[in-house]
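# Analysis of the macromolecular model
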Amino acid sequence: MSSINWFTDKPSEIGLHFVAVKYGEGAGTFDFVEWDGRKWLTEYEGNVIAYTTLEGLIRGCDIAWPEDTKEVITKKDSKLDADSLWEEM
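This section reports on the structure supplied with the text. (Residues numbered from 1 in each chain as written. Predicted model: local features only at pLDDT ≥ 70, side-chain atom pairs only at ≥ 80, totals over all residues. Heavy atoms only, no water.)

### A few points about the overall build of the protein
The cut-off we apply is this: Starting at the N terminus, helices and strands are each numbered in turn, a helix being any DSSP run of H or I of at least four residues and a strand any DSSP run of E of at least two. Throughout, a residue-residue contact means that at least one pair of heavy atoms, one from each residue, lies within 4.5 Å. The protein chains shown are the only cover counted for residues, whose accessible areas, like all others here, come from Shrake-Rupley with a 1.4 Å probe.
The number of helices and strands found in the protein is one helix and six strands. When contacts within the protein are restricted to residue pairs at least 6 apart in sequence, those whose partners lie at least 24 apart make up 43%. For the protein, the computed accessible surface area is about 7400 Å², with 52% contributed by carbon and sulfur atoms.

Structure representation (structure tokens):
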């Protein structure tokens, strides 16, 4: 896994973020927390010290798709309609 690109300023986008929460010296956790445009909507005493967007989290991880992928080939007959131009093998 590559490293996550953390931000320490206030988010510019309202919504769910992946955050690092600090409870004190040597104590903290990671969590998913909503940012309402003014503050973090947490239910605990810790302080959010850094965040990344969900897109940033996904791009920073090596996540495999949860099912096997099938090979897809295109058909050669150009007279077929657009919905039948491919088939799963």
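### Describing the nonpolar core
Nonpolar side chains in soluble globular proteins generally cluster together in the buried interior. Using the following cut-off: Working definition of a nonpolar core: buried Ala, Val, Leu, Ile, Met, Phe, Trp, Tyr and Cys residues. They are joined through side-chain atoms within 4.5 Å. Per-residue accessibility, obtained with a 1.4 Å probe over protein chains only, is compared with the maximum for each type, and a residue is labelled buried under 20%, exposed over 50%, and partly exposed between these values.
With six residues, the main nonpolar core is built from Val19, Val21, Val33, Trp35, Trp40 and Tyr51. Secondary-structure elements contributing two or more residues to this core are strand E1 (15-24) and strand E2 (27-35). If we ignore the near neighbours within four places in the chain, the residues touching valine 21 are Ala27, Gly28, Thr29, Tyr44, Gly46, Asn47 and Val48.

### Examining the pairing of E1
Put simply, the rule is: DSSP bridges decide pairing: two strands pair if at least two such bridges lie between them.
Note: E1 against E2, nine bridges, orientation antiparallel. Residue pairing in the sheet places valine 21 in a bridge with threonine 29 of E2. Counted between consecutive antiparallel strands, the loop separating E1 from E2 contains two residues, among which glycine 26 sits at a positive phi close to 80°. Across six bridges, E1 lies against strand E4 (residues 47-53) in antiparallel orientation. Looking at E4, one finds that histidine 17 is bridged to threonine 53.

### Focus: the sheet that holds E1
Pairing between the strands of a sheet is mediated by backbone hydrogen bonds and can be parallel or antiparallel. Spatial strand order, E3-E2-E1-E4: four strands in an open sheet with antiparallel pairing. In the strand order of this sheet, the two ends are held by strand E3 (40-41) and E4, each with one partner.

### Section: the pattern of salt bridges
The condition that has to hold: A pairing counts as a salt bridge when a side-chain nitrogen of Lys or Arg comes within 4 Å of a carboxyl oxygen of Asp or Glu.
Enumeration according to the criterion identifies three salt bridges in this entry. As a salt-bridge pair, aspartate 36 and arginine 38 come within 3.8 Å of each other at their nearest N and O atoms. When its relative accessible area of 23% is taken as the criterion, aspartate 36 is described as partly exposed. Among the salt bridges present, the one from lysine 39 reaches aspartate 36, with a minimum N-O distance of 3.2 Å. Given a relative accessible area of 41%, lysine 39 falls into the partly exposed group.

### Examining the side chain of threonine 52
Formally: Counting of polar contacts relies on pairs of N or O atoms within 3.5 Å, with two restrictions inside protein: one atom must be capable of donating a hydrogen and the other of accepting it, and residues adjacent in sequence are counted only when both atoms are side-chain atoms.
Here threonine 52 is to be found in strand E4. Exposure remark for threonine 52: the relative accessible area of 1% places this residue in the buried category. From its side chain, threonine 52 meets the backbone oxygen of asparagine 5 in a polar contact 3.3 Å long.

### Comments concerning the pairing of E2
As judged from the two bridges shared by E2 and E3, these two strands associate in the antiparallel manner. From the neighbouring strand, glutamate 34 faces E3, where its bridge partner is leucine 41.

Purely geometric stuff here, so don't read any function into it on its own.
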